[in-house]
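Below, each chain spelled out in residue letters.
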Amino acid sequence: MAIEKTFVMIKPDGVQRGLIGEIVGRFEKKGLKLVAAKLLAVDSKTAEAHYAEHKERPFFGELVSFITSSPVFAMVWEGENAVSVVRSMMGKTNPVDSAPGTIRGDFGLSIGMNIIHGSDSVENANREIGLWFAENTLTYSKSGDVWIQ
Ligand code: UDP
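On a predicted model such as this, the values are computed, not experimentally measured, just so you know.

### Some details on the nonpolar core
Inference 1: Judged by nonpolar contacts, the single largest core of 20 residues is most densely connected at I23, F27 and I116.
Inference 2: For this core, the leading source of residues is helix 5 (residues 82-90), giving 5 residues.
Inference 3: Contacts of I116, omitting those with residues within four sequence positions, involve V8, M9, K11, I23, F27, M90, I103 and R104.
Inference 4: Core analysis: the next-biggest nonpolar cluster, separate from the first, contains 18 residues, F7, A36, F66 and V76 among them.

The following block contains the structure:
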């Protein structure tokens, strides 16, 4: 079993629209385990470090302004193949291309405000967890774990 951790962030549009509970509920029902979470105002330094791979892209400035414009809800989810499971539940980057049933497909309309971020690889997940959660993630057993294998 490949038990992975992945970094997930509900972006300012998702928080402002009251989608935290809906999104957390989807991951919980899927069987993933929440091992860290916090609501925070993001500073530019963290936003720029998080999106460093897009530094040269034309949308970088707007992306950093957006992420720092209002609080985000940052989380770490753990489970078997957590990185790819979260990515598939999120939908495509552009909500127009995202299937109904995915988070972006159900709630998003534009690429600029696409509600959620999820790490795209185990390597990036580890980097992002280190960036966003200096404090440790939690290790604990859930009684339902035995039914999700
Ligand atoms: N983005 C944008 N315009 C673009 C491409 C991306 O505003 O043309 C934003 C969008 O919010 C996306 C984020 O930049 O979620 C990071 O892009 P990436 O390609 O990493 O997509 P993701 O992994 O979020 O699906």
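### Description of the sheet that holds strand 1 (residues 3-10)
Inference 1: Judged by pairing direction, the sheet is antiparallel, and its 4 strands sit side by side in the order 2-3-1-4 without closing on themselves. Taken across any chain shown, the strands that pair with only one partner, and hence form the sheet edges, are strand 2 (33-40) and strand 4 (116-118). Each strand of the sheet is rotated relative to its neighbour by a mean of 15 degrees, with strand direction disregarded.
Inference 2: As paired strands, strand 1 and strand 4 are joined by 3 bridges and run antiparallel to one another. Each bridged residue has a counterpart across the sheet, and for V8 the counterpart in strand 4 is G118.
Inference 3: Strands strand 1, strand 3 (72-80) and strand 4 of the sheet are contacted by helix 5, whose axis makes an angle of about 35 degrees with strand 1.

Rules used throughout
Residues numbered from 1 in each chain as written. Predicted model: local features only at pLDDT ≥ 70, side-chain atom pairs only at ≥ 80, totals over all residues. Heavy atoms only, no water. Core = buried A, V, L, I, M, F, W, Y, C linked by side-chain atoms within 4.5 Å. Buried < 20%, exposed > 50% of the residue type's maximum accessible area, 1.4 Å probe, protein only. Helix = DSSP H or I, 4+ residues; strand = E, 2+ residues; numbered from the N terminus. Contact = heavy atoms within 4.5 Å. Pairing = 2+ DSSP bridges. Axes fitted to C-alpha atoms, helices over the stretch in contact; angles between N-to-C directions.

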